[in-house]
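Given next are the chains, with one letter for each unit.
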Amino acid sequence: MTVADIRALLGMPGEEIGTVPGKATGKAFLRLAGYADADRESIVFAQGSAELAEALKSDAGLILVPRDAALDAAQVSSAVNERMMAVDHPKLAFALVGQWFERFRQAEVHPSATIATDVALGKNTSVGAGAVIEDGAVLGEGCVIASNVTIYGCVRLGDRVVVQAGAVLGAMGFGYVRRQDGSHVRFPQQGTVRIGSDVEIGANTTIDRGALGETVIGDGTKIDNLVHIGHNCVVGKNVLIAAQVGISGSTVIGDGAVLAGQVGLGDHVNIGPGVVLGGQGGVFPGKTLAGAGELFAGTPAEPVKDYLRGLARVRRLK
Amino acid sequence: MTVADIRALLGMPGEEIGTVPGKATGKAFLRLAGYADADRESIVFAQGSAELAEALKSDAGLILVPRDAALDAAQVSSAVNERMMAVDHPKLAFALVGQWFERFRQAEVHPSATIATDVALGKNTSVGAGAVIEDGAVLGEGCVIASNVTIYGCVRLGDRVVVQAGAVLGAMGFGYVRRQDGSHVRFPQQGTVRIGSDVEIGANTTIDRGALGETVIGDGTKIDNLVHIGHNCVVGKNVLIAAQVGISGSTVIGDGAVLAGQVGLGDHVNIGPGVVLGGQGGVFPGKTLAGAGELFAGTPAEPVKDYLRGLARVRRLK
Amino acid sequence: MTVADIRALLGMPGEEIGTVPGKATGKAFLRLAGYADADRESIVFAQGSAELAEALKSDAGLILVPRDAALDAAQVSSAVNERMMAVDHPKLAFALVGQWFERFRQAEVHPSATIATDVALGKNTSVGAGAVIEDGAVLGEGCVIASNVTIYGCVRLGDRVVVQAGAVLGAMGFGYVRRQDGSHVRFPQQGTVRIGSDVEIGANTTIDRGALGETVIGDGTKIDNLVHIGHNCVVGKNVLIAAQVGISGSTVIGDGAVLAGQVGLGDHVNIGPGVVLGGQGGVFPGKTLAGAGELFAGTPAEPVKDYLRGLARVRRLK
């Protein structure tokens, strides 16, 4: 990857490339790195003067720095700035460069994977060792299904979906009807799972299929490890769901919401677009949280200001 | 499935079949459906007038309705009632019909499953792709073991047990003895797991074997995804355990108890028969909750009335 | 295993072996057992008079008893004491004997395991059915990798590491950079996982690789089922982590700390050596808990004395 490639990637075609001199433009960088591991073929990034000082001590060949940062003038001296390239958002640029490198990954279906006869597998989709994809599943282009993943037949994935090892998509939901003798009969769990494009799903996460209808995960949503998403949930676009979050059946989550680790949502909960719920927060069945950008915390979840005030009042009692 | 079949299934043999006219008796229904997907060969159910209005707009061939419901008289007019069948409990009837359809599922052991030599596999038991059943395990009749499940050799399953993908039954429990230098030696984990009949176990759930004795799950108990059940626990019959519940070692749970999502129980806890513990509730080691039908909440768990009173008092302080 | 073997194992070579008469020294014991299952070839242990009374009713061939216990004199009478052996710490001795028996387990790589070409597998390392070990992974000697485990290529295990079924080591961490349009680009997740010796990892647990650097688990640390450890965490030596604990990225945990079930730690948290955090306790991002042997509880976690005082004050309000 050359500076010209980065320039094109970041939409800076005609622009002065910060402090990188023309002669570096043709130089090839082969990898991203942290400061400790960087060599001359590595790209690193720095978000401020302190980080830049560390970066300059490394052997990195290229350092992405903020365009408008109040960087130490001495740092940006002629002796060192041959390695720097100013961009709008160094961390984002670094991530985008990472994505660019991934394009060269070869798609491969491991011979030990079990892919049923009636599976539609998109182009450039990888399937890891021991993964199982059952009859009826549909996978888009450029998906990466890791080892030992299970995808039931009722699941449909968009493009560029990443599923990490051990995740289970499309198992039966937890719905039972009680008989008079106290035993339970499973309510039919014959629905589907529809997952959008650019969704990423963590290791050992489980997403159940709808009972009769569908469970939906919107485009661009990212889900961490060991998350549970129940039957008939509808999760919006670009939602972030951290590890061990549990979402009961038929809950709806708006676009851009953020659920921190171990959050628990009852069934038929409604989380508005852009709501942020802090770690271990809980919402009782049927309740609603709303307000884009609003931060909630605690169980039952309340605006963080109220949550902190409650903590302080209890502390004062002691 | 014909109306006569349903009549037999629900124990209504000699009875007037609600509003379904005689000529419909021989008609065959092929599936269950939600209203949106229903066609003339589909059975749906409605629990009241609002649902029935929706059901009647659908193309469903048969609508299970409550026998005694205060249904809108116009709805039950001659023009439409040819599609209705009155039953005691439409949702339960719908679930039972679902069970009836499942009888036609063919049992199959996938060639990629690993079943050790010394495994007793009951009749009509299915084993999914990539599942592993180790030497010594005993599985009853009509079990359904999904893909990528692991069953250690110390596990014994009753009849009609359903284990969803990725679940792990019989791993070693978490028991260690501390040495003086601060390191830990594993206490022997050489016991067994005994699971009753009609138990259902969710995706990626883990149930550990006993240390020396056994871990027991009673008949008819239903367990959701990502649940942890520690060594030597004794779970009663017809217990419901929702997703991400964690149960530490040697805890006892009485028949018919209900644990909502993310509940956490310390070791040697005693949950009485019929106790209901709300989501994220926690019980400290060695404690007891008792009272059939009593609802508990919070950590440490208390009767829900006390829990709500506590929340209200703290709120008033603010 | 003979009494002489036990004597050697426990470092009691020249010592009087409690109450076991010389003639028993050559007798062979074949297994450990609980009282209910014990036969003449079984070893059991008792930590006090009540347990010893039970043990003496069993058929156990050898009973490990405390050296200095105020055992009932009648129990230690000549008629019965032929079966007893006094040791410093019967439960620890029992665990050490268990470890001794394990030495005879044959290491085996199951033919259905997928081990990539470029994997370094130590001597006497077992790999279970359906397990997947990807290119680049390094496993030490005497490791036991159970069925359906996934080890990504970036993982390095020390000696005698035990990984139970379904665990996933080395998946990508949960790190994203937000774009202005609300979508997220994955931050590069190209680091490694380094796991020390004598570490044990529970079923379906997930340990993510570092983003750029490494995730570290120290020697002797024991991790229960369904635990999540995020990218770039550094967990010390001899730490105990109970089931369903969630540890966010870049958190540091000191040697000998204990995290009870369902504890949740935000990112960049610092848990000091020897700290004990009670079940369901939570620590907000960036916070520190310190004090060897100190017990913390609640969310946000506080010293247990303060936690209990808070509970009592709220209760008094009601």
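A brief look at the structure comes next. (Residues numbered from 1 in each chain as written. Chains lettered and ligands numbered in written order. Predicted model: local features only at pLDDT ≥ 70, side-chain atom pairs only at ≥ 80, totals over all residues. Heavy atoms only, no water.)

**Some points on the relation of the copies chain A and chain C**
Once chain A is rotated about the relating axis by 120° and shifted along it by 0.0 Å, it coincides with chain C to within an RMSD of 0.0 Å. Such a combination of rotation and displacement between the chain copies is what one expects of a three-fold axis. The residues that chain A uses at the interface reappear at the interface of chain C in only 19% of cases, marking distinct surfaces. (Least-squares fit on C-alpha atoms with pLDDT ≥ 70 in both. Contact = heavy atoms within 4.5 Å.)

**A closer look at the pattern of salt bridges**
All chains considered together, the criterion is met by 33 salt bridges over all chains. E102(A) is paired through a salt bridge with R105(A); the nearest N and O atoms lie 3.7 Å apart. Each of the salt bridges in this network shares a partner with another, and the network as a whole consists of E102(A), R105(A), E200(A), K222(A) and R186(C). (Salt bridge = Lys/Arg side-chain N within 4 Å of Asp/Glu carboxyl O.)

**Some thoughts on the interface of chain B and chain C**
In this assembly, 53 residues from chain B lie in contact with 47 residues from chain C. Contact between chain B and chain C buries roughly 3,700 Å² in total, counting both sides, with carbon and sulfur atoms accounting for 56%. Among the residues chain B hides against chain C, the three largest losses belong to F174(B), H184(B) and R186(B). Together they make up 17% of the total. For the pair chain B and chain C, the interface holds three salt bridges. For E102(C), the salt bridge is made with R186(B), and the minimal N-O distance between the two is 2.6 Å. (Buried area = accessible area lost by both parts, 1.4 Å probe.)

**So, the interface of chain A and chain C**
Facing the 47 residues of chain A at the interface are 53 residues of chain C. For the pair chain A and chain C, the two sides together bury roughly 3,700 Å², of which 56% comes from carbon and sulfur. Applying the counting criterion to the chain A and chain C interface returns 26 residue pairs in polar contact (both at pLDDT 80 or more). At the level of elements, α3 (90-102), β21 (222-223), β24 (240-241) and α4 (304-317) of chain A are the ones that each hand at least two residues to the side of chain A that touches chain C. Considering each element in turn, the side of chain A that touches chain C owes the most residues, eight residues, to α3(A). Split into classes, the residues belonging to the side of chain A that touches chain C amount to 22 nonpolar, 17 polar and eight charged. (Polar contact = N/O pair within 3.5 Å; in protein donor to acceptor, adjacent residues only side chain to side chain. Helix = DSSP H or I, 4+ residues; strand = E, 2+ residues; numbered from the N terminus. Nonpolar A, V, L, I, M, F, W, Y, C, P; charged D, E, K, R; others polar.)

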